[in-house]
Amino acid sequence: MDKKDLPVINVTEAAEAETNLASGMGGTLAGMRVTFNHMVRQVLGKDQVTIQYPEQRKPYSRRFRGVHVLTEREDGSLKCVACYLCETACPAECITIEAAETPDKSVEKVASRYEIDLARCIFCGFCVDACPEEALIMSREYDLTTYERDSQTSYGIGRLTTRPEIEAYGAGYRPHMHYPLVESYLPGRRRKVTDEPEKERS
Amino acid sequence: MPLITIDDQPIEVETGTLIIQAADRLGIEVPRFCYHPDLRPEGNCRMCLVEVQGYPRPTVACTTPVVDGMVVRTPHAGDQARRAVRGVLEFLLINHPLDCPICDQAGECSLQDFYMHPDYGLHRSQVDPQEKVRKRKAIDLGPMIVLDSERCVLCSRCVRFSAEVTGTAELQFVNRGNQVELKAFEDRALTDPYAGNLADICPVGALTSKDFRFKRRVWHLARTDSICAGCSTGCNLRIDHFQGTIERLVPRRNPAVNQSWLCDEGRMSFHALGAAPRLTKPRAQGTGDAVNWDDAVATAHGGLHAIRRPGQPSRLAALASTSATNETLLLFWRYVSETFTAPLLDCRLGQEDRWVDEREDTLLRRRDKHPNTRGALLLGLAADPAGGLRPMVAQAQAGAIDAALILYYPPLVGAEDPATLEALATLVRAVPFSVVLTTHEGEWGRNATLALPIAAWSEEEGTYTNYAGVVQYAGKAVAPPGEARAAAAVLGGLLGQAGRYPGGSTVQARFDELAAAVPAYAGLTIAGLASRQASVYPPEGRLPYGQEGFAGH
Amino acid sequence: MERILTLHADQGDQPRLAVARERGAYDGLRKALGLTRHQIIAEVTASGLRGRGGAGFPTGRKWDFIRPQPGQPVYLLCNADESEPGTFKDRYLMERDPHLVLEGLCIAAYAIGAHDVFVYLRGEYASVGSILAAALAEAGEAGILGATLLDSPYELRINLQLGAGAYICGEETGLISSLEGKRGYPRVRPPFPAVHGFGQQPTVVNNVETLANLPWIILHGGEAFATLGTERSTGTKLISVCGAVNRPGVYEVEMGYPLRDFLAREAGGILDGRALKALIPGGTSVPILTAREAEDVTLDFESMQHAGTMLGSGGMIVFDQTVAMPGALATIANFYAHESCGECTPCREGTGWFAWIIARVLAGEGRPNDLEQLLRICANVEGRTICGLGDAAVQPVRSFITKFRAEFEALLPADQDTRPDWQRHGHGPRAARHGPLGQEAAWAEPVAGPSSARL
């Protein structure tokens with residue numbers, strides 16, 4: 001294309017020509033109209049962005065990566081065999097494991113100590129990805145406020161297997177999402193757990 | 001000398017060299033299970049199959065000597081070899097249990113490593129885990145070894161080790177076909193004192209170390225090359241440790257000293273370090289109060305120095321240790337000989353110089369449970385025929401000694417000799433001023449004027465000279481506990497207090513001084529030792545009495 | 001036809017020494033003792049005698065490999081382990097004409113300079129062992145082979161050793177290992193037994209039938225032996241035929257005899273007038289022949305090789321139209337899985353895997369790619385093992401599937417999902433109490449273990 005054919009815009013002249021009260025006011029008023037509409041709709045209750053937490057809660061995905069859960073087998077023992085893959089995979093180095101022997105020869109190895117420092121945890125889910133035994137999954141629990149660090153933010157086997165939040169929030173990120181959950185997957189009970197989003201609290 | 005090519009790389013080797021050895025020299029890894037450089041080759045695993053031009057079938061590299069002009073292709077560069085090895089690996093894995101999460105060998109397992117190799121691994125399994133042949137697991141074979149016969153790939157290394165090296169023939173295969181199992185006779189515990197080596201030579205997790213069982217994953221371990229301080233053989237080993245704790249010792253191959261083996265006592269020797277409480281702060285007598293290092297060194301030298309009388313022999317008993325590194329001993333000798341005049345200077349607790357060469361068995365162990373007797377002798381620390389701990393004690397009891405400087409390390413192998421401890425206690429009690437450099441708390445040192453904490457064998461770097469005169473470098477694996485310091489550093493401090501040049505502070509500098517002081521070490525350097533430069537004991541070193549020569553290897 | 005081996009075998013009193021001697025036993029030995037060792041080896045070489053145990057290696061050449069250092073002992077081992085399925089000809093010889101075998105043994109020992117002979121007899125032939133031992137004792141008392149042979153100063157000690165039920169101990173180096181008191185594990189070659197054999201000394205291993213030919217060869221000359229049979233398969237061969245024939249048994253035929261004629265005449269035709277379906281000519285370790293292929297072959301090494309199989313040991317198994325080939329293959333595959341010694345990986349795992357797959361195909365649980373799988377395993381085992389058992393297991397599997405594929409395919413289920421079961425059905429209990437051939441695992445306990453890891 002020949003340079004001579006391109007339209008030439010003199011920017012200074014164009015700016016002077018467009019600067020007038022009407023066009024300036026028009027743009028501003030258009031924006032204010034949008035805001036006003038939104039405000040009216042909010043006030044009338046039609047279109048609320050803000051939710052009243054904690055009475056109202058947002059539903060989270062079935063794959064949500066929340067606080068961890070250690071799963072157990074049918075006989076009640078933890079599936080975890082202390083292979084250390086989660087500890088190795090963790091980018092935040094927040095998992096501490098100690099292994100011990102079990103007399104059950106088909107299993108041989110169990111974790112005598114399994115601790116996740118949730119204050120360090122970045123909830124990436126690499127540990128769940130790494131686990132070959134489906135022993136570690138994540139629940140949909142995200143609410144982790146405490147009064148003290150370390151004693152309350154470091155979860156050992158006890159709290160990783162039994163705490164009321166597991167049932168309340170349900171299971172989240174775990175291997176084989178498309179298979180139905182095995183009945184005894186979650187620790188402590190044998191009833192089936194549904195995949196529905198967590199019910200809203202009133 | 002035959003000239004051959006492996007994967008298009010030429011190499012000339014001695015007649016009788018096996019193809020697999022030639023490949024190793026070229027740095028080409030031919031995968032293998034049953035071949036081990038210190039065991040007779042058997043060729044039964046079929047993993048080392050290579051193509052040899054002109055041979056119709058794949059050839060077993062570990063039993064075939066090279067022939068001039070051979071053209072060999074390994075699985076890395078040859079299609080036929082690659083397919084053959086791939087097939088063998090698939091066969092090995094069809095019955096192998098899915099034990100990786102619970103198996104200690106993970107991370108140093110030949111099956112894992114070969115399977116993950118792109119040239120001959122990563123096949124897709126065609127076998128249902130339910131179909132696999134089941135065998136017995138977690139069988140206790142005594143204090144050192146646990147057997148899992150399901151994981152065994154039947155390479156027979158352990159069977160050959162038990163037959164050829166220890167001669168005890170405790171392990172054998174039973175049954176036939178894919179039901180073959182490794183078994184100890186009547187599942188009896190293995191009683192030979194080299195059983196720990198079975199866990200090292202087993203390429204998979206069939207034979208594992210009971211001591212190390214489930215302690216830690218191997219990829220977490222830091223590794224430091226070192227030398228065993230259990231006896232005068234000085235087997236080469238590697239200290240595997242994690243965050244300041246030693247987890248295990250494994251042998252390093254040195255055909256001249258220990259081949260690929262460690263005795264069980266030496267392998268477990270690191271446990272002795274934690275058996276009793278360590279001395280962690282310099283301590284003064286009586287009050288037992290901790291003293292800071294500067295004060296401690298100043299007081300020590302002050303007290304020792306005070307006993308000198310001009311023109312007369314110093315009434316000092318200076319007991320060095322045959323467990324100390326050469327560098328430590330050099331500084332000990334320098335401090336004592338430069339500060340004092342003709343003191344009682346010796347390194348012997350008993351008669352170590354007499355039996356430094358004596359064997360305890362036909363394989364590795366020696367009767368002298370100190371790693372550096374030869375080194376101490378070479379430095380002239382046993383020059384007086386009538387010297388040693390007992391004569392010092394006698395003299396002290398007769399009131400002829402005014403001060404004692406004692407360097408003492410408890411033995412890592414075997415129990416402490418109560419008679420020795422009694423003698424040390426007597427010496428300390430009988431002397432008005434005593435300075436004790438030691439690693440552990442001990443009753444004998446309670447009455448010492450000053451007890452200075454020093455680093456143990458794995459906590460300092462230095463060299464040791466084994467019974468045959470081979471000088472070997474041992475690295476520092478972990479930090480000494482509390483305020484303990486390397487004995488060489490403490491002695492350097494004493495030298496400094498004495499106004500003498502304390503010598504270089506790096507181990508290289510100290511060894512160079514050593515090499516200058518001891519003609520036998522002339523020409524050796526730390527770098528050379530770390531890379532296993534040969535070191536020999538020529539007769540022009542300072543020989544202690546009674547040593548005409550000594551038994552070589 | 002000249003009967004070399006079975007001339008007197010059917011006369012029930014042949015095992016008695018006096019009777020045998022009247023019929024010429026040990027005349028060959030007497031003549032041999034008058035010859036030099038080199039003359040005997042030359043004669044045997046000229047005869048073209050080839051090993052009758054299955055490999056067909058020229059006997060004269062095998063003996064020629066023996067070049068001991070001065071003072072080095074030489075050993076002769078007689079392979080009487082006869083475990084190749086379908087083969088019972090050595091038994092026939094040892095039971096009915098033991099002195100023929102012993103005479104051949106002595107001639108061979110003399111020829112190679114061996115003063116110690118071991119007869120390794122399979123354990124299941126204990127009754128045969130009694131006959132042999134009795135013959136040995138009789139001959140010993142008669143001074144034929146006591147400390148020395150006949151009137152010569154040649155010392156010879158013959159030892160009878162019973163095996164304990166292992167096919168692998170019929171393999172040359174497996175036999176040597178077993179005789180040395182170790183597990184019957186074969187050895188990597190080189191070095192070969194002629195250089196480092198029994199006790200690391202020069203050793204010759206010969207089959208019973210091979211040795212039984214020697215008296216005749218010495219008496220009539222190697223050239224006369226070579227006029228029998230074909231140019232490269234000289235002499236005669238014992239064929240032990242069994243299966244769907246009217247007259248199963250051991251027959252001596254001249255090499256080159258048409259198989260078709262053998263079946264019709266000596267074997268008496270197919271059982272009950274049925275049609276021939278297939279035939280294994282020389283023990284289950286050789287490829288099977290279809291009826292069509294069997295029409296044109298003759299009983300000698302070359303013709304069989306040309307037809308894609310081998311004469312092998314001469315243990316002939318005949319299948320008629322009522323035989324289902326998959327079932328027959330299962331029996332054969334189970335044999336090799338049971339007999340594999342377990343030393344080297346491909347045979348140990350491959351034979352076991354063959355047996356599993358064939359068993360599940362027979363049970364109607366085969367996967368659509370199972371036949372390809374079997375052929376792939378064949379390719380991975382063949383040529384990569386320490387001894388011939390691996391190859392021996394491969395031949396029947398490959399030949400049965402290739403030549404009777406339709407019968408196998410008929411057993412495969414129609415469903416096209418080729419994923420292994422565990423991928424289809426998800427994870428289950430980890431431990432299986434029973435092995436794939438139904439054997440109880442003595443120490444497996446029922447468990448609810450961790451879920452199987454995903455590969």
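Residue positions within a chain follow its written sequence, with the count starting from 1. For this description, chains carry letters from A and ligands carry numbers from 1, given in the order in which they are written. Local features in this predicted model are restricted to residues whose pLDDT is 70 or higher, and side-chain atom pairs enter the listing and the counts only when it is 80 or higher, whereas totals over whole chains, interfaces and linings include all residues.

Q: Would you mind showing me how to read the overall build of chain A here?
A: Each helix is a run of DSSP H or I of at least 4 residues and each strand a run of E of at least 2, with the numbering of both proceeding from the N terminus. Broken down by element type, chain A carries 6 helices and 5 strands. Its helices and strands taken in sequence order, chain A reads α-α-β-α-β-β-α-β-β-α-α from the N to the C terminus. With C-beta atoms placed from the backbone, a residue counts as buried when 20 or more other C-beta atoms lie within 10 Å of its own, as exposed when 12 or fewer do, and as partly exposed for counts between those limits. For chain A, the proportion of its 202 residues judged to be buried stands at 26%. A pair of residues counts as a contact when their C-beta atoms, built from backbone coordinates, are separated by no more than 7 Å. Long-range contacts, defined as pairs at least 24 residues apart, comprise 74% of the intrachain contacts of chain A with a sequence gap of at least 6.

Q: Would you mind going over the overall build of chain C with me for this structure?
A: Helices and strands together make up the secondary structure of chain C, namely 20 helices and 11 strands. Whereas a compact globule of 455 residues would reach a radius of gyration of roughly 23 Å, chain C reaches 24 Å, a difference of no more than 12%. Along the first, second and third principal axes, the C-alpha set of chain C runs to 80 × 50 × 35 Å. Put simply, chain C has 455 residues, and 53% of those count as buried. With C-alpha atoms as the basis for the radius of gyration, the globule rule is written as 2.2 Å multiplied by the number of residues raised to the power 0.38.

Q: How should I be thinking about the interface of chain B and chain A in this particular structure?
A: A common way to state how big an interface is: give the accessible area lost once the parts meet. Counting residues at the interface gives 7 residues for chain B, matched by 12 residues for chain A. Note on residue classes: Ala, Val, Leu, Ile, Met, Phe, Trp, Tyr, Cys and Pro are nonpolar, Asp, Glu, Lys and Arg are charged, and everything else, Gly too, is polar. Partitioned by chemical class, the residues of the side of chain B that touches chain A number 5 nonpolar, no polar and 2 charged.

Q: Help me out: how do you make sense of the packing of helix α17 (residues 370-381) of chain C against helix α18 (residues 389-403) of chain C in this one?
A: When two helices pack together, their arrangement is given by the angle between the helix axes and the distance between those axes. Residue and element names in this part refer to chain C. Structural elements are reduced to axes, namely lines fitted to C-alpha atoms, with helices fitted over the stretch in contact, and the angle between N-to-C directions of any two is expressed from 0 to 180 degrees. Between α17 and α18, the least distance of the axes is 9 Å, while the angle of their chain directions is 150°. Comparing the axis directions of α17 and α18 gives the class roughly antiparallel. As α17 packs across α18, the resulting crossing turns out to be left-handed. On the side of α17, the interface is formed by L371, L374, L375, C378 and V381, while α18 contributes G390, A393, V394, V397, R398 and I401. Class assignment of the residues belonging to the contact of α17 with α18 gives a composition of 9 nonpolar, 1 polar and 1 charged. Geometric relationships in this document are graded by angle, where less than 35 degrees denotes roughly parallel, more than 145 denotes roughly antiparallel, 65 to 115 denotes roughly perpendicular, and other angles denote oblique. With the far helix as reference, a near helix turned anticlockwise by less than a right angle produces a left-handed crossing, and one turned clockwise produces a right-handed crossing.

Q: Hey, could you run me through the nonpolar core in this one?
A: Most often, soluble globular proteins keep nonpolar side chains buried together rather than apart. Residues and elements named next belong to chain B. If you look at the biggest cluster of nonpolar residues, it comprises 163 residues, and the most contacted ones within it are A317 and L427. Looking at this core, the element that brings in the most residues is helix α2 (residues 79-94), giving 8 residues. Here A317 is in contact with L344, M392, A396, I401, A404, L427 and V431, once residues within four sequence places are set aside. As used here, a nonpolar core is made of buried Ala, Val, Leu, Ile, Met, Phe, Trp, Tyr and Cys residues. They are joined through C-beta atoms within 7 Å.

Q: Teacher, can you tell me more about unusual backbone geometry here?
A: It is generally the case that most residues other than glycine have a negative phi and that most peptide bonds are trans. Of the consecutive residues R189(C) and P190(C), the connecting peptide bond is found in the cis state with omega at 5°. Note on placement: P190(C) falls in the loop between α8 (172-179) and β4 (203-207). With an omega of 5°, the peptide bond between P190(C) and P191(C) qualifies as cis. One can find P191(C) in the loop between α8 and β4. Its identity as a non-glycine residue notwithstanding, A82(A) has a phi of 55°, on the positive side. Accessibility expressed as a C-beta count within 10 Å gives 25 for A82(A), which makes it buried. Although it is not a glycine, A169(B) adopts a positive phi angle of roughly 45°.

Q: I'm lost on helix α10 (residues 389-397) of chain B in this one. Help?
A: Structural remark: α-helix, 3.6 residues per turn; residues separated by three or four positions point the same way. Residues and elements named next belong to chain B. Along α10, the residues classified as buried are L389, M392, V393 and A396. Buried residues of α10, viewed axially, fall in a sector of 100°; they line one side. Lining the buried residues of α10 we find β15 (316-319), β16 (344-346) and α11 (418-430). G399, located one to two residues past α10, shows a positive phi value of around 80°. What the arc covers is the set of directions going from the helix axis to the C-beta atoms.

Q: Help me understand the sheet that holds strand β4 (residues 59-60) of chain B, please; the structure alone is not making it clear to me.
A: The pairing of strands in a sheet happens through backbone hydrogen bonds and is either parallel or antiparallel. All names here are of chain B. Spatial strand order, β2-β1-β5-β3-β4: 5 strands in an open sheet with mixed pairing. Every other strand in the sheet has two partners, leaving β2 (9-12) and β4 as the edge strands with one partner each. Two strands qualify as a pair provided that DSSP identifies no fewer than 2 bridges between them. In this sheet, strand β5 (residues 71-73) lies alongside strand β1 (residues 3-6) in parallel orientation, the contact comprising 2 bridges. In the strand pairing of β5, I6 is matched with V72. Across the face of the sheet, α2 comes into contact with β3 (49-52) and β5 while running at roughly 160° to β3.

Q: I tried to follow the interface of chain C and chain B on my own but got confused; where do I start?
A: If you look at the interface, chain C gives 37 residues, while chain B gives 33 residues. Elements represented by at least two residues in the side of chain C that touches chain B include exactly α15 (325-339), α16 (345-362), α17 and α20 (421-425) of chain C. Examining the composition of the side of chain C that touches chain B, we find that 9 residues originate from one element, α16(C), more than from any other.

Q: What's the story with the confidence of the model for chain A in this structure? I'm lost.
A: If pLDDT is low for a region, its predicted coordinates should not be looked at in detail. Confidence scores per residue from the predictor, reported as pLDDT, run from 0 to 100. For chain A, the mean per-residue pLDDT works out to 83, and 86% of the residues sit at or above 70. Confidence drops under a pLDDT of 50 for residues 189-202 of chain A, and excluding neighbours within four residues, the segment shows 20 contacts in the predicted structure.

Q: Looking at this structure, I do not really get the domain arrangement of chain C. What am I missing?
A: Residues and elements named next belong to chain C. Domain annotation of chain C identifies domain 1 (17-227), domain 2 (236-320) and domain 3 (325-409). For each domain, the first and last residues come from an automatic or database assignment. Each of domain 1 and domain 2 was reduced to a C-alpha centroid, and the two centroids are 27 Å apart. The interface is formed by 13 residues belonging to domain 1 together with 18 residues belonging to domain 2. Across the side of domain 1 that touches domain 2, the residue classes tally to 3 nonpolar, 5 polar and 5 charged.

Q: How should I be thinking about the packing of α10(B) against α11(B) in this particular structure?
A: Residue and element names in this part refer to chain B. Relative to each other, α10 and α11 sit at 35°, their axes nearing to 9 Å. α10 and α11 meet at a crossing whose hand is left-handed. Within the contact between the two elements, α10 uses L389, R390, M392, V393, A396 and Q397 and α11 uses A423, T426, L427 and A430. Class assignment for the residues of the contact of α10 with α11 results in 7 nonpolar, 2 polar and 1 charged.

Q: Honestly, the pairing of β2(B) in this entry has me stumped. Any pointers?
A: Here is the key point about a regular strand: its side chains alternate between the two faces of the sheet. All names here are of chain B. Pairing analysis gives 4 bridges linking β1 to β2, with the strands arranged antiparallel. If you follow I6 over to β2, its bridge partner there is Q9. Linkage of β1 to β2, two consecutive antiparallel strands, is achieved through a turn of 2 residues, within which D7 is found at a positive phi near 50°.

Q: When you look at the pairing of strand β8 (residues 276-280) of chain C in this model, what are you seeing that I'm missing?
A: Residues and elements named next belong to chain C. Most of β8 is tucked away, with 5 of its 5 residues classed as buried. The sheet contact formed by β8 and strand β9 (residues 289-290) spans 2 bridges and is antiparallel. Considered in β9, the bridge of L279 is made with L289.

Q: In this structure, what is going on with the environment of L33(C)? I would like to understand it.
A: Residues and elements named next belong to chain C. Inspection of the secondary structure puts L33 in helix α2 (residues 27-33). On the basis of neighbour counts, which here come to 19 C-beta atoms within 10 Å, the residue L33 falls in the partly exposed class. Discounting residues that sit within four places of it in the chain, L33 has contacts with Y110, L149, L150, S152 and Y154.

Q: Can you walk me through helix α6 (residues 98-112) of chain C in this structure?
A: All names here are of chain C. Between its terminal C-alpha atoms α6 stretches 21 Å, which fits the 21 Å expected from 15 residues at 1.5 Å a residue. The buried count for α6 comes to 15 of 15 residues, which makes it a mostly enclosed element. Count one or two residues on from α6 and you reach G113, which has phi positive near 80°. A helix is expected to reach a length of 1.5 Å times the quantity of its residues less one.

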